[in-house]
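Residue strings, one per chain:
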Amino acid sequence: MKQASHTKSSVARSLRIVPEVGLVDLADPGLPERLVGKVSDQLEVFASRMRDGLLAASVAIGLEVMGELVETEVTEVAGPKGKHDPNRTVTRHGTEDGKVTLGGRRLPVCRPRVRTVADENGVEREVHLESYDTFASVDLLAEHMVASMLAGVSGRRYERVLEPVGEQVEATASGTSQSSVSRRFVAATAERLAEFRSRPLDDRRWLIVFCDGFDFAGHTMVGALGVTADGTKVPLGVVEGSTENASVVRGLIAGLRDRGLDASEGILFVLDGAKALHKAVRDVFGDHAVIARCRVHKERNLMDHLPEAERPWVRRKLRAAWANPNADAAEAALRALAGQLDKVNPDAAASLREGLAETLTVTRLGVTGSLLKTVMGTNPIESMIEIVRAHARNVKRWQPGDMRLRWAAAGMLEASKQFRRVKGYRQLPALAHALRHTVRATEPSIVAVTA
């Protein structure tokens, strides 16, 4: 049985589609004779189209290869053309006009039709050809258009920036007008937004979630970025609304939970300091959420209260305390600094005391080294936000509705293609252990009572 399976897979590996020849067996000793003249003909076509560019030459050959693949599938389902078969259940049914996606365009082709033999009621049914459906898929075009527009190409310039595919193909191509590009972009990004905000999250162990509010095209957005147990960064969600809007923020956090974000073994939430965001995380995940305050935001807010002359020594003491691996000693140093600031600027002292303990959460978890640089602030999500803004930099007119959300989601997904694992990912197992220990320490113990 194994030998038969091995023989079958070996034969499958030796089969290839050759334009104008069809399906061939590379192990066939008579193959060279069958290919005489065919290869030279294809090279001649390729060379003649090279004057218009590499893509033009590739399109010329690509269209022929598409035709060969579709015809091969027709032969597989309907049998060889011209050979009578009384047991045939599927027959050829002529051709009709069709379109395929190639080179960022829709190109007209002549597609074969295949139908089932009439049943007892005389009904024939159309048979879909998987190869043609793949080539005809508008998703290929939508992907190309979304990638182009996120790269800064406007809808009215889309056609002009496409690589030449030859005059003959250009004359019959479609789907590149400004209105067509705009419609497809809106539809594709709306689909991405819906999928992005409903994607299940229960298939991974999440250790860290960064949440931050940001300005995008004059509106405030709140985004979330997750980190898995192996250090992979994944955009989790985005909503439109201020971080001071409790209902909007809670909607984002509750949505993560409802999609399967499991915090039963602890998740480190790194927040920018917004009170509504802090409350939403605590309300939704309770003590299973281990909250860390972004030190960068805390330092920035503190410095904003101080005159220039006072900032250097305060910054020095602040960072020295955060660098202390002993959390209790670090907290004592920060409270002493707040006492000194009472004499300089009471508002600055109050700013430091607010959320002071949470700036030391990562210290109490024992996070050090490269991982500490990753989780001491919201820099990972801020880097993603900058990529989102860069993708939308050429948009001139923002329409009401979901336009900003569509662009933000598309930008986040595009940014994820550039992601690397977080710095210090080798320390994540230790963080997972510390989170588990912290969460279990907060769970009430169950005491058995005997009568």
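To be clear, the structure that these remarks concern was listed above.
Since the model is a prediction, treat every value here as computed from it, not as a measurement.

Rules of the game
Residues numbered from 1 in each chain as written. Predicted model: local features only at pLDDT ≥ 70, side-chain atom pairs only at ≥ 80, totals over all residues. Heavy atoms only, no water. Helix = DSSP H or I, 4+ residues; strand = E, 2+ residues; numbered from the N terminus. Buried < 20%, exposed > 50% of the residue type's maximum accessible area, 1.4 Å probe, protein only. Contact = heavy atoms within 4.5 Å. Expected span 1.5 Å × (residues − 1). Phe/Tyr/Trp six-rings, centres within 6.5 Å; stacked < 30°, edge-to-face > 60°.

A. Highlighting the side chain of E331. By the secondary structure assignment, E331 is in helix 14 (residues 327-344). Note on E331: relative accessible area 18%, which makes it buried. With sequence-adjacent residues up to four places away left out, E331 is seen in contact with L356, L360 and R364.

B. Main features of helix 13 (residues 311-323). Along its 13 residues, helix 13 runs 18 Å from first to last C-alpha, staying within 8% of the 18 Å computed at 1.5 Å per residue. Taken together, the buried positions of helix 13 are occupied by R311, W313, V314, L318, A321 and W322. On its buried side, helix 13 packs onto helix 12 (295-304), helix 14, helix 15 (346-353) and helix 16 (361-364).

C. A look at the packing of aromatic side chains. One pass over the full model with this rule turns up three aromatic pairs. Centroid distance F269 to F285: 5.4 Å. Interplanar angle 35°. Geometry classified as tilted. Of this pair, F269 sits in strand 8 (residues 267-271) while F285 sits in helix 11 (residues 275-285); the two residues are 16 residues apart in sequence, bridging distant segments of the chain. For F285, a relative accessible area of 9% puts it in the buried group. Look at W398 and W407: their rings are 6.1 Å apart centre to centre, the planes differ by 75°, and that puts the pair in the edge-to-face class. For W398, a relative accessible area of 21% gives the class partly exposed.

D. Structural detail: the environment of A390. Residue position: A390 is located in helix 18 (residues 379-391). Of the residues examined, A390 reaches a relative accessible area of 33% and is grouped as partly exposed.

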